[in-house]
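This is what each chain is made of:
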Amino acid sequence: MTGGPDITRHYTVGSLLEKLDAALADDGADPARPGMDALAPYDQFHGRGIEATVDLADGLDIAPGDHVLDIGSGIGGPARYMAERFGCRVSGIDLTAEFCDVARVLTARLGMSDRVAITNGDALAMPFADAAFAGAYSMNVSMNIADKQAFYAEILRVLKPGGWLALSEAARGEGAEVDYPTPWALTAESSFLASPAETEAALARAGFADIQCRSDVEAYLAFGAKSRALVEKGGKPPHRAVFLIHGELAPEMAANTSRAIAADAIRPLEVRCRKPG
Ligand SMILES: C[S@@+](CC[C@H](N)C(=O)[O-])C[C@H]1O[C@@H](n2cnc3c(N)ncnc32)[C@H](O)[C@@H]1O
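To keep things clear, this report deals only with the structure shown in the data block. (Residues numbered from 1 in each chain as written. Predicted model: local features only at pLDDT ≥ 70, side-chain atom pairs only at ≥ 80, totals over all residues.)

A word on the overall build of the protein. What the protein contains, in helices and strands, is 11 helices and 7 strands. Relative to its length of 277 residues, the protein is compact, with a C-alpha radius of gyration of 18 Å against a globular reference of 19 Å. Seen along its three principal axes, the alpha-carbon backbone of the protein occupies a region of about 50 × 45 × 35 Å. Looking at the protein residue by residue over its 277 residues, the buried ones come to 43%. Pairs at least 24 apart in sequence give 75% of the contacts found in the protein among residues at least 6 apart. (Helix = DSSP H or I, 4+ residues; strand = E, 2+ residues; numbered from the N terminus. Rg over C-alpha atoms; globule rule 2.2 N^0.38 Å. Buried ≥ 20, exposed ≤ 12 C-beta atoms within 10 Å, placed from the backbone. Contact = placed C-beta atoms within 7 Å.)

Attention shifts here to the sheet that holds strand 7 (residues 266-274). A sheet is described by the order of its strands in space; here 7 strands give the open sequence 3-2-1-4-5-7-6, paired in mixed fashion. In this open sheet, the two strands that pair with only one neighbour each are strand 3 (116-120) and strand 6 (209-214). Across the sheet, the mean angle separating the axes of adjacent strands is 15° when strand polarity is ignored. Two strands pair when backbone bridges link them, and strand 1 (residues 67-71) and strand 2 (residues 89-94) are joined in this way by 5 bridges, in the parallel orientation. Bridging across to strand 2, I71 finds its partner in I93. (Pairing = 2+ DSSP bridges. Axes fitted to C-alpha atoms, helices over the stretch in contact; angles between N-to-C directions.)

Time to look at the nonpolar core. Ranked by internal contacts, the top residues of the largest apolar core, which has 75 residues, are V68, A136, I155 and L165. Of all the elements, strand 5 (residues 159-172) adds the most residues to this core, at 6 residues. (Core = buried A, V, L, I, M, F, W, Y, C linked by C-beta atoms within 7 Å.)

Between its terminal C-alpha atoms helix 11 (residues 250-262) stretches 18 Å, which fits the 18 Å expected from 13 residues at 1.5 Å a residue. Buried residues along helix 11 sit in contact with helix 9 (217-232), helix 10 (241-246) and strand 7. Positive backbone phi, at 60°, marks D264, one or two positions downstream of helix 11. (Expected span 1.5 Å × (residues − 1).)

It is worth spelling out the site of the ligand at this point. Taken together, 26 residues surround the ligand, and among them F45, G72, G74, T96 and A123 come closest. Looking at side-chain class alone, the shell around the ligand contains 14 nonpolar, 10 polar and 2 charged residues. (Near = placed C-beta within 6 Å. Nonpolar A, V, L, I, M, F, W, Y, C, P; charged D, E, K, R; others polar.)

Relative to each other, helix 7 (residues 148-158) and helix 8 (residues 196-206) sit at 50°, their axes nearing to 9 Å. When the interaxial angle is binned, helix 7 and helix 8 end up oblique. Along this stretch, helix 7 crosses helix 8, giving a crossing that reads as right-handed. Between helix 7 and helix 8, the contacting residues are K148, Q149, Y152, A153 and L156 on the first element and A202, L203, R205 and A206 on the second. Looking at side-chain class alone, the contact of helix 7 with helix 8 contains 6 nonpolar, 1 polar and 2 charged residues. (Parallel < 35°, antiparallel > 145°, perpendicular 65-115°, else oblique. Left-handed = near helix turned anticlockwise from the far one by under 90°.)

Of all 14 residues in strand 5, 10 are buried, a share of seventy percent or more. In terms of strand pairing, strand 4 (residues 133-139) meets strand 5 through 6 bridges, oriented parallel. Looking at strand 5, one finds that G135 is bridged to W164. Between the parallel elements strand 4 and strand 5, the chain passes through helix 7 in a crossover that is right-handed. Where strand 5 and strand 7 come together, 9 bridges link them in antiparallel fashion. Note that in strand 7 the partner of E169 across the bridge is L269. (Right-handed = clockwise from strand over helix to strand, strands pointing away.)

The following block contains the structure:
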C-alpha cells in the first residue's frame, strides 16, 4: 500500500506554478524562459538540491539515446538534468498530479519535451513494460514508501538485464528520534525510513547485485552551514524547493532535517546496484 492520498495531500500546493513563477521573477529570471540554472534552486526537491543530483550523475554510465527511469520525479529537475547532461531520454513517474503538471510545463519551457516524459502514477505499480529501461534512479522518495520490498521488486521488473539502479536516500541513522514535520512527512506515522543495512538487505532480496552504499554526511553538514551563512548575510538559501512547496512549515521542516542529520537520526545514503545480466 502506498498511502497515496496522504502523500499527494502532503505535496499538493494547489498553486505551485504561480508560486514558482513569482519566485523566478523575484530572482530576476524570465518565468517563460527560465533556463536550468534559474530553476535549479526550486526543481531539485531533495537534500542538497542540484549538488546531490550532480553527485549521483557523476557515477552513472549513461549513453546518448539510453532510456532512463526517474522514480518519484517531482517537478522534473533531476530528469531534465540527466537528459541534458547525457543526451538520454528520461521517463519520470510521480504520484502527485500537480507535480507532474508543473514538471511538464517546465520541461516544455526548456524545449525538452521530446526527451523527458512524465507519467502520473504509483512507483509500486508502474505502467511500463518489463525490461523497458537501461537504468533507473530515485531521489528522496523511499521514505514515503512503507513496502520497500514491493518498491524494489517493481523497479527490478522494468529494468533490462544488466540495468543499473542509483538511489539517493534519507536513511535512518543510529542517533535519536527524528522530530517532525520534515519535508516528506508531517508525523512519524507517515515516514518510512530504513537503515542502510535494511536498504541493502531489501535490495538483495529483490534480486539486485553489486550493491554499493556510501554516506557523505560531511557534504550535507557543509551545505547546511553554507546555506545558513548566506541567509544570515540577508541572501536567499541556495536550495529553496522546500520553501516553495511547504510554505510556512518549511523553516521548521528544514531545521528538523538539519538537526536530524547532525545527530545521525537521518543518514544521507547513496546506493548503486545492478540487475543481474
Ligand atoms: C521529496 S520529493 C522528491 C522529488 C524528486 N525526486 C526530486 O528529487 O526533485 C518525493 C516525491 O516522491 C513522490 N512519491 C512518493 N511516493 C510515491 C509513489 N508511491 N509513487 C510515485 N511517486 C511517489 C512524491 O509525490 C514526491 O514528488
